[in-house]
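# Observations on the model geometry
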Amino acid sequence: IARAALQKPQLEALLPRLHTYISLSGPHLGMLYTSNMLVELGVWGLRKWKNAQCLTELSLKDAKQPTDTFLYTLSKGDMLARFTNVLLVSSAEDRYVPHHSARLQLCPEAMHDPRFGTAFVSMVHNILSPLQCSNLVHVDVSFLPLISTKLVHQLDQAIGRKAHIDFLEQQAFLQMFVQMYLSYLV
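This report concerns the structure included in the present document. (Residues numbered from 1 in each chain as written. Predicted model: local features only at pLDDT ≥ 70, side-chain atom pairs only at ≥ 80, totals over all residues. Heavy atoms only, no water.)

### Structural notes on the pairing of strand β2 (residues 85-90)
Across a regular strand the side chains alternate sides, sitting on one face of the sheet and then on the other. Stated precisely, the cut-off is as follows: For each residue, the accessible area found with a 1.4 Å probe, counting protein chains only, is set against the maximum for its type, and the residue is called buried under 20%, exposed over 50%, and partly exposed in between. Runs of E in the DSSP output that reach at least two residues are strands. Runs of H or I that reach at least four are helices, and both are numbered from the N terminus.
With six of six residues buried, β2 is to be regarded as a mostly interior element. Taking every second residue as pointing to the same face, both faces of β2 are buried, with Asn 85, Leu 87 and Val 89 on one and Val 86, Leu 88 and Ser 90 on the other.

What follows is the structure in structure tokens.
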């Protein structure tokens, strides 16, 4: 959302002031190659029943050709390169957003995918190439497992929702993150 918004003329005056970009498990490369069948089913259902445009875009299904999709087009912009620091915060426990997508990295599935693979590799290259002068930092987070007898908590943990939400709900994580990476914020 931030990369798309920064391309708008209304925000052009802010571009020289950009310093640090922090992404908390953002799906920069979409939702391709997820390992969570429940999330895939949920995304498919919401796309069909609610006509959720953003989920169609995250699935790279908003155009006939992958190179004509919104995310692919967005990958060709240089908005992240406008930041001095780019912090990509992710957790392998987050199974809502594919780990490789949050980290802007290639994954083995893309190498063998005849339909989306080439576009996926290009998206990674398109986004990372302009960052040569930026300080790119990958931050891996591991959240403690929740010990609970409530079925809803166990389900959240099993499908990876807990880790996705913990980035914003865990005050201890947020406080520790700000303390550890304060130098990037000032």
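### What about the nonpolar core?
Grouped burial of nonpolar side chains is what soluble globular proteins tend to show. Here is the rule: Definition used in this section: a nonpolar core is a set of buried Ala, Val, Leu, Ile, Met, Phe, Trp, Tyr and Cys residues joined via side-chain atoms within 4.5 Å. Whether two residues are in contact is decided by their heavy atoms: any pair within 4.5 Å suffices.
Leu 29, Tyr 33 and Phe 120 are the most contacted members of the largest nonpolar core, which totals 32 residues. Residue assignment for this core shows that the elements contributing at least two residues are α3 (53-58), α4 (70-75), β2 and α7 (117-128). By residue number, the principal contributor to this core is α7, which donates five residues. Ignoring sequence-local partners within four residues, the contact set of Leu 29 consists of Leu 60, Leu 71, His 100, Ser 101, Leu 104, Gln 105, Phe 120, Met 123, Val 124 and Ile 127. Leu 87, Val 137, Val 141 and Phe 143 belong to the second-largest nonpolar core, a separate cluster that totals 12 residues.

### Notes on the side chain of Ser 23
Here is the rule we go by: Here a polar contact is recorded for every N or O atom pair within 3.5 Å, except that within protein the pair must consist of a potential hydrogen donor and a potential acceptor, and residues adjacent in sequence are included only if both atoms are side-chain atoms.
Among the secondary structure elements, Ser 23 is positioned in strand β1 (residues 20-24). The exposure class assigned to Ser 23 is buried, which follows from its relative accessible area of 5%. Within the local environment of Ser 23, its side chain forms a polar contact with the backbone nitrogen of Gly 26, the two atoms lying 3.3 Å apart. In contact with Ser 23, other than residues within four places in its own chain, are His 28, Leu 87, Leu 88 and Val 89.

### Some remarks on the environment of Leu 185
Tracing the chain through its elements places Leu 185 in helix α11 (residues 182-185). Along the backbone, Leu 185 and Leu 104 are 81 residues apart, and their C-alpha atoms lie at a distance of 21 Å.

### A short note on the sheet that holds β2
For the record, the criterion: Strands are labelled as partners when DSSP assigns at least two bridges between them. The axes used here are C-alpha line fits, helices contributing only the stretch in contact, and every angle between their N-to-C directions lies in the interval 0 to 180 degrees.
Taken in spatial order, the three strands make up an open sheet running β1-β2-β3, and their pairing is parallel. Where the open sheet ends on each side, the last strands, each with one partner, are β1 and β3 (135-140). Here the strands of the sheet are splayed against their neighbours by 15 degrees on average, with no regard to which way each runs. Sheet topology places β1 next to β2; five bridges connect them, and they run parallel. Its bridge partner lying in β2, Ile 22 is registered against Leu 87.

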